[in-house]
Amino acid sequence: MKYVDIRDLPPCSFSPECLRLIDDLDVPTAARAPARLSHIEDFQDRRRLRQLRSHVPGCPTCSALLAKTRQIRSQQRLALHHFLIANEKHVPSTTGAIFAAIQREQALVAPDAMQEVGSGYSLMDVWDEQRVTPAPMQTRRFFQRTRVFQNVLTVATIAAVILAAVGLFNRVTNHSSLGQKSEPSPQQPAHSGNELNTGGWDSVVIGLTLLSATGFTVYNFNVTSSQMTVLFEASQGQSMLNMEEVSSDGQSVLYDVSLPDRQRAYQTFSLADRVQTVYSQADDQAGNALWMDQEHVLVQNMPDSISDIDLQNQSILQWKVAAGHLVFYRQPFLYFTGAQQSDANVLYRIDLAQQDARPQPVTIATPETRFWLSPDGATIYYASEASTAQAGIYAVGSDGSHLRLLRAGAGLPIGFAPDNSLMVLQQVGSHLEIIKLGVTPEQKEQVILANAAPNATSLCGPGAVSLVIPVCDEAVTLEPSGQGLLLHAYYANGAQNLVYDDLAAGASRVIMSLAQDASVQLPGWSRISSAKAA
């Protein structure tokens with residue numbers, strides 16, 4: 001595939017015209033009707049369109065600009081599509097009322113219509129006759145009632161749109177009001193039985209590798225049904241797997257595999273497309289990858305570039321960015337750590353929508369930490385034990401402003417609660433405790449679960465019993481709505497288990513006992529149906 005960077009291309013005087021007539025350029029030549037243009041009916045535009053069709057294939061600037069515009073338009077349409085699908089079930093149905101109106105009008109029109117059909121006329125015959133001679137009185141009445149019927153359909157359609165808009169507005173309003181309510185304590189479960197209000201995020205993806213075996217297996221565990229399903233297994237020739245993350249819609253998993261020919265292949269899995277290879281490069285130049293959105297993947301090309309892979313159009317764009325590790329993407333900013341040893345622990349961001357954009361530092365140097373972006377995209381949280389600053393949890397604006405110590409002492413951010421407050425894992429005595437910080441400084445912390453991993457001695461690999469329980473953030477994954485938690489726990493006798501915490505009910509249970517040579521990766525939670533995956 002050809003790498004294209006719009007910023008490196010020369011300007012073209014035809015580019016504004018290409019954007020203005022993009023809708024007509026997207027219509028295949030053979031499929032065009034001779035009637036009119038989509039943008040404007042003008043002879044000059046017809047001539048300009050023919051000129052652009054000859055110009056664009058040989059102009060890299062216009063070709064890249066049109067491809068980028070189509071990409072943005074596709075993202076907008078996809079976002080609107082998912083918004084309508086997600087909220088469709090919350091809108092009161094108007095289908096019954098519309099069909100009832102149609103049936104009433106058909107009952108009024110039917111006698112006259114049947115009389116015209118019985119006399120040997122068709123609707124087209126009546127229309128042709130009306131254009132030449134005055135129409136009979138019955139025909140005029142028929143068309144008048146037809147126009148009334150069409151008007152009723154128009155009014156019913158407008159009413160359906162208005163009701164849908166009102167339903168969506170109420171849906172958004174209800175979400176806003178729910179976000180201000182306090183969460184129930186562990187002694188007051190927010191659900192009955194095993195029914196969790198997770199918004200569909202009721203499964204967690206688990207990558208499992210046995211050192212004594214050759215290959216890996218990726219599972220999908222449904223916390224509601226306790227069903228463990230194999231999504232896919234290693235194929236021959238793949239020597240090492242690295243789980244990246246789950247897509248924002250919860251339906252696809254991104255990972256990369258190292259191949260014997262010293263290549264790194266980046267692959268995705270979904271129930272619809274199964275396993276697909278989307279990109280590959282030399283292993284010694286390969287970095288990590290993350291989802292940009294459901295249709296785009298960002299891949300780090302060491303030492304100084306990043307590739308944007310369009311999964312739908314199978315095209316690639318590149319940015320000249322020297323990054324040490326890609327952290328996350330929040331439109332239009334990509335967040336990453338520095339590529340040099342001097343800034344490898346500094347978080348940067350760059351606006352991928354701007355030409356000639358420069359990386360902007362967001363945090364100070366903070367070794368061995370994980371950064372969390374708040375759901376509203378305004379704040380970044382991280383834990384710091386650096387000798388140059390007080391140990392604790394820090395918060396900083398996503399633009400690098402207003403750095404402050406949020407909470408002093410030990411504690412590991414693990415995600416967010418339903419009200420967008422930060423959830424923290426900390427050691428209290430011999431237990432690991434889950435707490436929720438206040439949304440405002442005035443609100444007190446709340447203990448969600450007093451013993452998240454009973455009898456565990458480590459969440460960071462096997463080790464002897466000590467006063468401090470080691471905790472690694474890669475061994476913890478919190479469900480997006482903040483009601484479920486999965487941990488990879490180690491014990492004094494050498495055993496290791498996967499432990500699921502139902503934070504709404506305040507209960508823990510072991511979902512899988514692992515062999516001592518097992519290696520686990522937890523890329524995140526999913527909306528993949530275990531029943532369909534089975």
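This text follows the structure it describes.
Residues numbered from 1 in each chain as written. Predicted model: local features only at pLDDT ≥ 70, side-chain atom pairs only at ≥ 80, totals over all residues. Heavy atoms only, no water.

### Section: the overall build of the protein chain
Right, so step 1: For the protein chain, the helix and strand inventory stands at eight helices and 29 strands.
Right, so step 2: Every one of the 534 residues in the protein chain was classed for burial, and the buried ones make up 43%.
Right, so step 3: Once local pairs closer than 6 in sequence are excluded, the contacts in the protein chain between residues at least 24 apart make up 43%.
Right, so step 4: Counting every atom, the protein chain has about 28,900 Å² of accessible surface; 54% of that belongs to carbon and sulfur. (Helix = DSSP H or I, 4+ residues; strand = E, 2+ residues; numbered from the N terminus. Buried < 20%, exposed > 50% of the residue type's maximum accessible area, 1.4 Å probe, protein only. Contact = heavy atoms within 4.5 Å. Areas by Shrake-Rupley, 256 points an atom, 1.4 Å probe, with all protein chains shown as cover.)

### Considerations on the layout of surface pockets
Right, so step 1: In this structure, the second largest pocket spans a volume of roughly 590 Å³.
Right, so step 2: Taken together, 25 residues form the lining of the second largest pocket, with A383, E385, G411, L412 and V471 sitting closest to its centre.
Right, so step 3: Among the secondary structure elements, those contributing two or more residues to the lining of the second largest pocket are strand 18 (379-384) and strand 22 (422-428).
Right, so step 4: The dominant element in the lining of the second largest pocket, judged by the number of residues it contributes, is strand 22, at three residues.
Right, so step 5: Among the residues making up the lining of the second largest pocket, the classes are represented as 13 nonpolar, seven polar and five charged. (1 Å grid on protein atoms, 1.4 Å probe; cavity = no way out; pocket = protein on both sides within 12 Å on 5 of 7 lines; lining within 4 Å. Points joined across faces, edges and corners; volume = space filled by probe spheres on them. Nonpolar A, V, L, I, M, F, W, Y, C, P; charged D, E, K, R; others polar.)

### Observations concerning the sheet that holds strand 7 (residues 263-270)
Right, so step 1: Reading across from one edge, 5-6-7-8 is the order of the four strands in this open sheet, with antiparallel pairing throughout. Each edge of the sheet is formed by a strand with only one pairing partner; in this case those strands are strand 5 (240-246) and strand 8 (274-282). Along the sheet, successive strands turn relative to each other by an average axial angle of 25°, direction set aside.
Right, so step 2: The pairing of strand 7 with strand 8 spans eight bridges and is classified as antiparallel. (Pairing = 2+ DSSP bridges. Axes fitted to C-alpha atoms, helices over the stretch in contact; angles between N-to-C directions.)

### Focus: the pattern of salt bridges
Right, so step 1: Following the criterion strictly, the structure yields five salt bridges and no others.
Right, so step 2: Here R264 ties to D256 by a salt bridge, and the two come within 3.3 Å at their closest N and O atoms. D256 carries the same exposure label as R264, and that label is buried.
Right, so step 3: We note a salt bridge from K436 to D419, for which the minimum N-O separation is 3.3 Å. Of this pair, K436 sits in strand 23 (residues 431-436) while D419 is found in the loop between strand 21 (412-416) and strand 22, placing the two residues 17 residues apart along the sequence. Both residues of the pair, K436 and D419, count as buried.
Right, so step 4: Within the structure, one salt-bridge network assembled from shared partners comprises D256, R264 and D283. (Salt bridge = Lys/Arg side-chain N within 4 Å of Asp/Glu carboxyl O.)

### A few points about the packing of aromatic side chains
Right, so step 1: Within this structure, the stated rule accounts for eleven aromatic pairs.
Right, so step 2: Taking 4.8 Å as the distance between ring centres and 20° as the angle between the ring planes, the aromatic pair formed by F232 and Y255 counts as stacked. Taken as a pair, F232 in strand 4 (residues 227-233) and Y255 in strand 6 (residues 252-258) lie far apart in primary sequence, 23 residues in all. Side by side, F232 and Y255 carry an identical accessibility label, which is buried.
Right, so step 3: Taken together, the aromatic side chains of F216, F232, Y255 and F269 make up a single cluster linked through ring pairs. (Phe/Tyr/Trp six-rings, centres within 6.5 Å; stacked < 30°, edge-to-face > 60°.)

### Brief notes about the sheet that holds strand 20 (residues 404-408)
Right, so step 1: Spatial ordering of the open sheet is given by 17-18-19-20, a layout of four strands whose pairing is antiparallel. On the outer flanks of this sheet lie strand 17 (372-373) and strand 20, each paired with one strand and no other.
Right, so step 2: Note that strand 18 and strand 19 (residues 392-397) share six bridges and pair antiparallel. Considered in strand 19, the bridge of A383 is made with I393.

### Concerning the state of the cysteines
Right, so step 1: Under the counting rule described, the total for this entry stands at one disulfide.
Right, so step 2: There is a disulfide in this structure between C460 and C472, and the S-S distance comes to 1.6 Å. Remark: C472 occurs in the loop between strand 24 (446-449) and strand 25 (476-478) and C460 occurs in the loop between strand 24 and strand 25; sequence separation between them is twelve residues.
Right, so step 3: C472 gets classed as buried once you look at its relative accessible area, which sits at 16%.
Right, so step 4: Left without a disulfide partner, C12 is nearest to the cysteine sulfur of C62, which lies 3.6 Å away. (Disulfide = S-S within 2.5 Å.)

### Notes on the pairing of strand 22
Right, so step 1: When you tally the buried positions in strand 22, you get five out of seven residues, the bulk of the element.
Right, so step 2: In the sheet, strand 21 pairs with strand 22 via four bridges, with the strands oriented antiparallel. Following the sheet pairing, P413 is matched in strand 22 by V424.
Right, so step 3: Counting the residues in the hairpin turn of strand 21 and strand 22 gives five residues, including N420, whose phi is positive at 70°.

### A few points about the nonpolar core
Right, so step 1: Counting 23 residues, the largest nonpolar core has I414, M423, L425, I434, L459, L485 and L503 as the members making the most contacts within it.
Right, so step 2: At the level of secondary structure, the elements contributing two or more residues to this core comprise strand 21, strand 22, strand 23, strand 24, strand 25 and strand 26 (484-490).
Right, so step 3: Among the elements that make up this core, the one with the highest residue count is strand 26 (three residues).
Right, so step 4: With sequence-adjacent residues up to four places away left out, L503 is seen in contact with M423, I434, I448, L449, L478, G482, Q483, G484 and L485.
Right, so step 5: V204, F221, I511 and L522 belong to the second-largest nonpolar core, a separate cluster that totals 17 residues. (Core = buried A, V, L, I, M, F, W, Y, C linked by side-chain atoms within 4.5 Å.)

### Description of the side chain of T457
Right, so step 1: Summarising the element assignment, T457 is placed in the loop between strand 24 and strand 25.
Right, so step 2: Contact partners of T457, with chain neighbours within four places excluded, come to G463, V465, I469, P470, Y490, Y491 and A492.

### A short note on unusual backbone geometry
Right, so step 1: In this model, M302 is joined to P303 through a cis peptide bond whose omega is 10°.
Right, so step 2: By secondary structure assignment, the location of P303 is in the loop between strand 10 (296-301) and strand 11 (305-310).
Right, so step 3: Looking along the chain, the bond that leaves Q331 and enters P332 is cis, with omega of 0°.
Right, so step 4: In this structure, P332 sits in the loop between strand 13 (323-330) and strand 14 (333-338).
Right, so step 5: Its identity as a non-glycine residue notwithstanding, E368 has a phi of 50°, on the positive side.

So far we have only geometry, and geometry alone does not tell us how the molecule works.
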